[in-house]
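# Architecture and fold: a report
Residue-level listing of the chains:
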Amino acid sequence: FFYMWGGNITWGILAVACLLVAVFSFGHLPTEIPIQWSGDVVSSLVDKKFIFAFPAACIIIRFALRPFIWQWLRKNITESDSITDYITNYLCFIALSVEIFIIFYVNEIVKYVTVLLILLF
């Protein structure tokens, strides 16, 4: 499981899933989407184009953040390649989860992120 979750194929699947979710949901989103909540109340809205930030985040995590994670792990752990891949894929999974939560929230399917996390796991 650890090897499979940390592979390049898994990252590719997560990145493509983020992109497909953004592309297919874009036309159904309101002009502004929430990105921050204070309790039960939305405290920050952005243009719906922000939905494409999540696939971009997966790419940035993999190609810009991964070297820093690898370097830090290399100093503290002997073997860091698979752990670095695991961490970057997990961060991409979080981006995908947040993207899906926003879409569900604006469509009034889910009001709390905990419900979505329970469904995903």
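Everything here concerns the structure above.
Residues numbered from 1 in each chain as written. Predicted model: local features only at pLDDT ≥ 70, side-chain atom pairs only at ≥ 80, totals over all residues. Heavy atoms only, no water.

## Describing helix 2 (residues 8-26)
Inclusion rule: Helix numbering and strand numbering both begin at the N terminus, where a helix is a DSSP run of H or I of at least 4 residues and a strand a DSSP run of E of at least 2. Multiply 1.5 Å by the residue count of a helix minus one, and that product is the helix's expected span. Only protein chains enter the accessibility calculation, which uses a 1.4 Å probe. A residue is then buried if its area is under 20% of the maximum for its type, exposed if over 50%, and partly exposed in between. Summarising the geometry, the arc corresponds to the directions from the helix axis toward the C-beta atoms.
With 19 residues, helix 2 extends 27 Å between its outermost C-alpha atoms, agreeing within 8% with the 27 Å of an ideal straight helix rising 1.5 Å per residue. Within the span of helix 2, buried status applies to Thr10, Trp11, Leu14, Ala15, Cys18, Ala22 and Ser25. Axial view of helix 2: buried residues confined to an arc of 135 degrees, hence all on one face. Turned more than 90 degrees off the buried face of helix 2, the exposed positions are Asn8, Ile9, Ile13 and Phe24.

## Remarks on a nonpolar patch on the surface
Under the convention used in this document: Residues with no salt bridge and a relative accessible area higher than 30% make up the patches, which join like charges within 9 Å and nonpolar side chains (Val, Leu, Ile, Met, Phe, Trp, Tyr) within 5 Å. Shrake-Rupley sampling with a 1.4 Å probe provides the accessible areas, and residues are treated as covered by the protein chains on show and by no other component. Here, a salt bridge means any side-chain nitrogen of Lys or Arg that lies within 4 Å of a carboxyl oxygen of Asp or Glu.
Taken together, the side chains of Val16, Leu19, Leu20, Val23, Phe24 and Phe52 present a nonpolar region at the surface, about 550 Å² in accessible area. Take Phe52: its relative accessible area is 33%, and that puts it in the partly exposed class.

## So, the pairing of strand 1 (residues 32-38)
Put simply, the rule is: By definition, two strands form a pair when at least two bridges between them are found by DSSP.
Summarising the sheet, strand 1 and strand 2 (residues 41-47) pair through six bridges and their orientation is antiparallel. From the neighbouring strand, Ile33 faces strand 2, where its bridge partner is Val46. Between strand 1 and strand 2, which pair antiparallel and follow one another directly, the connecting turn spans two residues, one of which, Gly39, has a positive phi of 70 degrees.

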